[in-house]
Amino acid sequence: MLEPWRGAPDDDVVATDVDVHRRRHAAAGVEAVAVSVNRAAGQMGPARTLNTLRRLNQADGFDCMGCAWPDPDPEHRSFAEFCENGAKAVAEEATKRKADPAFFAEHSVAELATWSDFRLGQQGRITEPMLLREGGTHYEPVTWEEAVRLVADTLNGLDSPDEAVFYTSGRASNEAAFTFQLFARAFGTNNLPDCSNMCHESTSVALAESIGIGKGSVSLQDIHDAELVIIAGQNPGTNHPRMLSALEKCVQGGGRIVAVNPLPETGLMKFDNPQTVKGLTGVGTDLASEFLPIRLGGDLALFQALGALLVENGAVDTDFVDRHTTGFESYKEHVKDLDWDDVLRATGLERAQIERVADLLAASSRTVFCWAMGVTQHRHAVATIKEITNVALLQGNIGKPGAGLCPVRGHSNVQGDRTMGVWEKLPAHFGDRIRAEFGFEPPRERGHDVVNTVRALVEGKVKVLMGLGGNFAAATPDSDVTHEAMRSVDLGIQVSTKPNRTHMLPGRQMLILPCLGRTEKDLTTAGWQGVTVEDSMSEVHLSVGRNEPASAHLHGEPWIVCRIAEATLGDRPSGSRIDWAAMAEDYTRIRHHIGNVVPGCDAYQDKVMRPGGFTLPHPPRDTRTFETPSGKAQIAVNPIAVLTAPEGHLLLQTLRSHDQFNTTIYGHDDRYRGLAGGRQVVMVHPEDMSALGLQEGELYDVVSGWTDGSERVAHGYKVVPYPTARGCAAAYYPECNVLVPLDHVAEGSNCPASKSVVVRFAPHGSCERHDAEAGSRVKAGEDQGNRSDVEPVHLS
Ligand SMILES: Nc1nc2c(c(=O)[nH]1)N[C@H]1C(S)=C(S)[C@@H](COP(=O)(O)OP(=O)(O)OC[C@H]3O[C@@H](n4cnc5c(=O)[nH]c(N)nc54)[C@H](O)[C@@H]3O)O[C@H]1N2
Ligand SMILES: Nc1nc2c(c(=O)[nH]1)N[C@H]1C(S)=C(S)[C@@H](COP(=O)(O)OP(=O)(O)OC[C@H]3O[C@@H](n4cnc5c(=O)[nH]c(N)nc54)[C@H](O)[C@@H]3O)O[C@H]1N2
Ligand code: SF4
Ligand SMILES: [Mo]
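Quick notes on the rules
- Residues numbered from 1 in each chain as written.
- Chains lettered and ligands numbered in written order.
- Predicted model: local features only at pLDDT ≥ 70, side-chain atom pairs only at ≥ 80, totals over all residues.
- Heavy atoms only, no water.
- 1 Å grid on protein atoms, 1.4 Å probe; cavity = no way out; pocket = protein on both sides within 12 Å on 5 of 7 lines; lining within 4 Å.
- Points joined across faces, edges and corners; volume = space filled by probe spheres on them.
- Nonpolar A, V, L, I, M, F, W, Y, C, P; charged D, E, K, R; others polar.
- Domains from an automatic or database assignment.
- Buried < 20%, exposed > 50% of the residue type's maximum accessible area, 1.4 Å probe, protein only.
- Helix = DSSP H or I, 4+ residues; strand = E, 2+ residues; numbered from the N terminus.
- Pairing = 2+ DSSP bridges.
- Near = heavy atom within 4 Å.
- Contact = heavy atoms within 4.5 Å.
- Polar contact = N/O pair within 3.5 Å; in protein donor to acceptor, adjacent residues only side chain to side chain.
- Salt bridge = Lys/Arg side-chain N within 4 Å of Asp/Glu carboxyl O.
- Areas by Shrake-Rupley, 256 points an atom, 1.4 Å probe, with all protein chains shown as cover.
- Core = buried A, V, L, I, M, F, W, Y, C linked by side-chain atoms within 4.5 Å.
- Buried area = accessible area lost by both parts, 1.4 Å probe.
- Axes fitted to C-alpha atoms, helices over the stretch in contact; angles between N-to-C directions.
- Parallel < 35°, antiparallel > 145°, perpendicular 65-115°, else oblique.
- Left-handed = near helix turned anticlockwise from the far one by under 90°.
- Expected span 1.5 Å × (residues − 1).

J.: Could you give an account of the layout of surface pockets, with specific residues and numbers?
T.: Looking at the second largest pocket, its volume works out to about 830 Å³. Looking at side-chain class alone, the lining of the second largest pocket contains eleven nonpolar, nine polar and five charged residues. Viewed by domain, the lining of the second largest pocket spans two of them, domain 2 (98-198 + 416-621) and domain 3 (201-408), each represented by three or more residues.

Right, dumping it as structure tokens:
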């Protein structure tokens, strides 16, 4: 029997039945329109589909819960301001299917634990608070009163507030995020991990050090106006589809695009814009004019080489460098000795390819640099992003039109959640403003991020794990270790819309609190509530749902958070002034506090009520001001990293298919890559297949090792020949998270390095299965001093 996920027999699909078709050469087009409408109508029915999609991303409608790509100005929006993946995300939320109490009565948790993520998600919306009692076999419905009381009593029974952890996923609104962090801090802990810890954390760390703010510096208009856009480690055709419209505008205005990626991702190459006649007839726009098929982890070397060539060729904006940066002299010294052999080994590219891109850079007076997970999820990700920033600074590409840094965020409000203070590191000024506004002293010491939460779980130090959205169990690395550790909590609490893996890995007790989604009308005693969100380009605006809720028992996330806080804290901390009850019913009360506490958000309520909202300040973008210790942007010196896998091994990246949103699996196809019908595949270069003796169609166990000798196994994968960089392979997240060792993280940001795991292939069935009773495979916090050859070797 083939076993798709964690040994789960699954009757809906045999996940290894993969068909390999021809790769698509253009993204979007008629097919994308057809797929979005079919998916939406299949889940919502025709009337609801039309009514819902019509309001998606409109100024008076709701914000897409897909990615964080921005919307055009209200006056430039079209009637259909969304993409295939936005429509899929909406369909998943606005589905008519229900996972109601009868569903949970029919299926035990033990049974549901064997279902795939796909099948769990397809059951539809959760309709009532559900509790798995201690010793129970099934989730049972409970009232909100009982649910809230259980949470409050359990939290108040802890020995220390630090035994509780409050996780946030980037879909939470600003109002939910602000109240959630306030609750955690009023309760007494900074244990506020979020999905950002696994996502753009490396960006936040690197940019804060280099330019004084952890966010990107461009607007949508800057992309349209750029002469050159370099896109590294990002697959926009699947993950930020409307970015293709912006790139199309750029190209039509004479701009050039360079794609840096181990895979020739379809969306980077050509775009059939479904909103134009040309696009619908398949006569699309060619996007990237230069494609660098880089090896995994080679970007640091690439960007350092580009910087070296700019210096060598005198293509430096010396006026900008003198006035606004520090560190240039040391950098110049460092890159003078650049070792081209290292660069070519790290990147797998030819020198001429890199020189061509350096020439494009030299000729461009306005360059935008985009990146995403292919850059952030590596051990040396922070250094890589500083190196990208160096290249931007050398040519003064920050703080002028048509130029800048563009880290493309993932979840629709992940950037907003951080702005609202969801962070395990409480910035001093933010803490001071909380104290001034609410009259209590928040804890100042650092809390747990995601990886440290798992370590603390392994050590039995976490008693309550609450998730505001997301799917902690499936999104985190080292699945066997994490899943086992999650069993140790006294109470798990998950605010969710649909069943997911996290619900099926309960501790002593587990509570599911069902919430309203963005499409739905949020009615409280104070009236119809809206929420606010921030996109990847720091634009903040209102989102109002209008659909009838999936069930009369649902509440908005801010309501849920505030009611729990009220029941837990009463009027604690002593001397504080927090009116939880008022905030629960009237979200303008929350926005009033956001205005007083969050930097850049003064007069928040007024500003978000304007059509299209407002843009948060960004000193480097706005005035070329850099709030670093030196008052200047930092040109950083980094040693080059060369990632190599030992003989007989490959470097594996874990990525997204076209048919998923993170851990929510929409289907089993990856249309643009030409793979259909299954997710248990590894894409490998045909020459590497020959070199390793791998046969197409055979099943393999994929094995990753770690420095302590432990091994992790993903069972039963097909290898497919695929044009990826030599020595590199690709497979899907979250199934392959089992292969990512917990301690394999980015230096400086603690972000799991899920884009470079060393793997080997063993015949299927030859590897032992993980035995949950037998204990963890890694010991948390183990000394990493003695590295052997099972992690990518850094030579510098
Ligand atoms: N439809 C859909 N949209 C999404 C999501 C989704 O799951 N589905 N997820 C959302 C979230 S949370 C996020 S963070 C974003 C993620 O957006 P992406 O970052 O585009 O997501 P990944 O699928 O992880 O793709 C990483 C890309 O980087 C490339 N890559 C991997 N390693 C390297 C490397 O070392 N160097 C270079 N140059 N390239 C590399 C891969 O080949 C791939 O093209 O998308 C968001 N949008
Ligand atoms: N190996 C590997 N691991 C990775 C990554 C990778 O590339 N490779 N990527 C990482 C990245 S970039 C990210 S962002 C994380 C994602 O980590 P998470 O954010 O934790 O995961 P998601 O899959 O986005 O969360 C989906 C769940 O959110 C719930 N949900 C959906 N809508 C709502 C809502 O409106 N309200 C509430 N309360 N819940 C809702 C649903 O129940 C759904 O099951 O995963 C990370 N993990
Ligand atoms: S690009 Fe992103 S935000 Fe825009 S419609 Fe598509 S999924 Fe939604
Ligand atoms: Mo993400």
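Moving on, there is more to tell.
J.: Summarise the pairing of strand β8 (residues 228-232); cite the residues concerned and give the values.
T.: For β8, a buried count of five out of five residues is recorded, marking the element as mostly surrounded by other parts of the structure. The alternating pattern of β8 places Leu228, Ile230 and Ala232 and Val229 and Ile231 on opposite faces, both of which are buried. Alignment of β8 against strand β9 (residues 256-260), held across five bridges, turns out to be parallel. Looking across to β9, one finds that Ala232 is bridged to Val260. In terms of strand pairing, β8 meets strand β14 (residues 367-371) through five bridges, oriented parallel. When the sheet's bridge partners are listed, Val229 is paired in β14 with Val368.

J.: Please provide a residue-by-residue account of the site of ligand 3, values included.
T.: Lining the immediate surroundings of ligand 3 are Asn57, Cys64, Gly66, Cys67, Phe82, Cys83, Gly86, Pro241 and Arg242. Looking at the shell around ligand 3, its residues break down into five nonpolar, three polar and one charged.

J.: Break down helix α24 (residues 450-458) for me, with residues and values.
T.: Among the nine residues in α24, seven count as buried, and that is most of the element. Buried-residue contacts for α24 involve β7 (164-168), β16 (464-468), α25 (472-475) and α26 (479-486). With a side-chain oxygen lying 3.4 Å from the backbone nitrogen of Val451, the N-terminal cap of α24 falls on Asp449. Gly460 occupies a position one or two residues after α24 and carries a positive phi of about 75 degrees.

J.: For the pattern of salt bridges, give the residues involved together with the corresponding values.
T.: Under the criterion given, the structure shown has 45 salt bridges. Across the salt bridge formed by Glu227 and Arg366, the nearest N and O atoms sit 3.4 Å from each other. Residue Glu227 is found in the loop between α10 (220-225) and β8, and its partner Arg366 is found in the loop between α19 (351-363) and β14; the two are separated by 139 residues along the sequence. The salt bridge partner of Arg712 is Asp478, with a shortest N-O separation of 2.7 Å. Of this pair, Arg712 sits in strand β32 (residues 711-721) while Asp478 sits in the loop between α25 and α26; the two residues are 234 residues apart in sequence, bridging distant segments of the chain. Overall, the relative accessible area of 1% leaves Arg712 in the buried class. Asp478 sits in the buried class, given a relative accessible area of 1%. Residues joined by salt bridges that share partners form a network here, namely Glu84, Lys88, Asp659 and Arg671.

J.: A description of the site of ligand 2 should follow, citing residues and the corresponding values.
T.: Neighbouring residues of ligand 2: 30 residues in total, closest Tyr167, Ser169, Glu557, Thr663 and Tyr733. The contact in question runs from an oxygen atom of ligand 2 to an N or O atom on the side chain of Tyr167, over 2.6 Å. A distance of 2.7 Å is found between an oxygen atom of ligand 2 and a side-chain nitrogen or oxygen belonging to Tyr733. Within the complex, 96% of the 920 Å² of free accessible area of ligand 2 lies under protein.

J.: Summarise unusual backbone geometry; cite the residues concerned and give the values.
T.: Between Arg572 and the following residue, Pro573, the backbone shows a cis peptide bond with an omega angle of -15 degrees. The topology assignment puts Pro573 in the loop between α27 (557-569) and α28 (580-585). With an omega dihedral of 5 degrees, the bond running from Tyr733 to Pro734 counts as a cis peptide bond. In this fold, Pro734 is placed in the loop between β33 (728-732) and β34 (757-763). The backbone of Asn57 sits at a positive phi, close to 65 degrees, despite the residue not being glycine. Along the chain, Asn57 turns up in the loop between α2 (46-53) and α3 (84-93).

J.: Lay out the nonpolar core with the relevant residues and their values.
T.: The tendency in soluble globular proteins is for nonpolar side chains to be buried side by side. Ranked by internal contacts, the top residues of the largest apolar core, which has 63 residues, are Phe166 and Phe183. Residue contacts for Phe166: discarding those within four places in its chain leaves Leu155, Phe180, Phe183, Ala184, Phe187, Thr189, Asn191, Leu192, Pro193 and Met466. Counting residues in each nonpolar core, the second largest holds 55 residues, with Leu306, Val321, Val382 and Ala392 among its members.

J.: If you had to explain the domain arrangement of the protein to someone new, which residues and values would you point to?
T.: Per the domain assignment, the segments making up the protein are domain 1 (15-93), domain 2 (98-198 + 416-621), domain 3 (201-408) and domain 4 (650-777). Buried surface at the junction of domain 1 and domain 2, summed over both partners, amounts to about 1800 Å²; 45% is from carbon and sulfur atoms. Taken together, the links from domain 1 to domain 2 amount to two salt bridges. As a salt-bridge pair, Arg518 and Asp63 come within 3.1 Å of each other at their nearest N and O atoms. The interface formed by domain 1 and domain 2 holds 14 residue pairs in polar contact (both at pLDDT 80 or more) in total. Listed by contribution, the elements that provide at least two residues to the side of domain 1 that touches domain 2 are α2 and α3.

J.: Please provide a residue-by-residue account of the packing of helix α9 (residues 201-211) against helix α21 (residues 381-394), values included.
T.: As a packed pair, α9 and α21 sit with axes 8 Å apart at the nearest point and diverge in direction by 45 degrees. When the axis of α9 is compared with that of α21, the two are oblique. For the crossing formed where α9 meets α21, the hand is right-handed. On α21, the residues touching Ser202, Thr203, Val205, Ala206, Leu207, Glu209, Ser210 and Ile211 of α9 are Ala381, Val382, Ile385, Lys386 and Thr389.

J.: Describe the sheet that holds strand β2 (residues 27-28), with residues and values.
T.: Two modes of strand pairing occur in sheets, parallel and antiparallel, and in both the strands are linked by backbone hydrogen bonds. In space, the three strands of this open sheet follow the order β2-β10-β11, with mixed pairing throughout. Single-partner strands in this sheet number two, and they are β2 and β11 (285-286).

J.: I'd love a proper account of the pairing of strand β26 (residues 650-655), names of residues and values included.
T.: Burial analysis of β26 places six of its six residues in the buried class, the great majority of the element. Where burial is concerned, the two faces of β26 agree: the one with Leu650, Leu652 and Thr654 and the one with Leu651, Gln653 and Leu655 are both buried. Sheet topology note: the β26/β34 ladder contains three bridges and is antiparallel. Bridge assignment links Leu650 to a residue of β34, and that residue is Val759. As paired elements, β26 and β33 share five bridges and run parallel to each other. In the sheet register, Thr654 faces β33, and the bridge partner there is Ala731.

J.: Could you give an account of the sheet that holds β7, with specific residues and numbers?
T.: A sheet is described by the order of its strands in space; here six strands give the open sequence β6-β5-β18-β17-β16-β7, paired in mixed fashion. Two strands close off the open sheet at either side, each with one partner strand: β6 (140-141) and β7. Here six bridges tie strand β17 (residues 491-496) to strand β18 (residues 509-514), and the two strands are oriented parallel to one another. Considered in β18, the bridge of Ser496 is made with Pro514.

J.: I'd like a rundown of the side chain of Ser657, residues and numbers included.
T.: With respect to the element layout, Ser657 can be found in the loop between β26 and β27 (660-661). Ser657 gets classed as buried once you look at its relative accessible area, which sits at 2%. Here the side chain of Ser657 touches Arg679 through a polar contact of 3.2 Å, side chain to side chain. Apart from residues no more than four positions distant in its own chain, Ser657 is found in contact with Thr238, Asp669, Asp670, Arg673, Arg679 and Tyr732.

J.: Can you explain helix α15 (residues 299-312)? Please cite residues and give values.
T.: In this model, α15 (14 residues) spans 20 Å end to end at C-alpha, consistent with the 20 Å of a helix rising 1.5 Å per residue. The buried fraction of α15 is high, at 13 of 14 residues.

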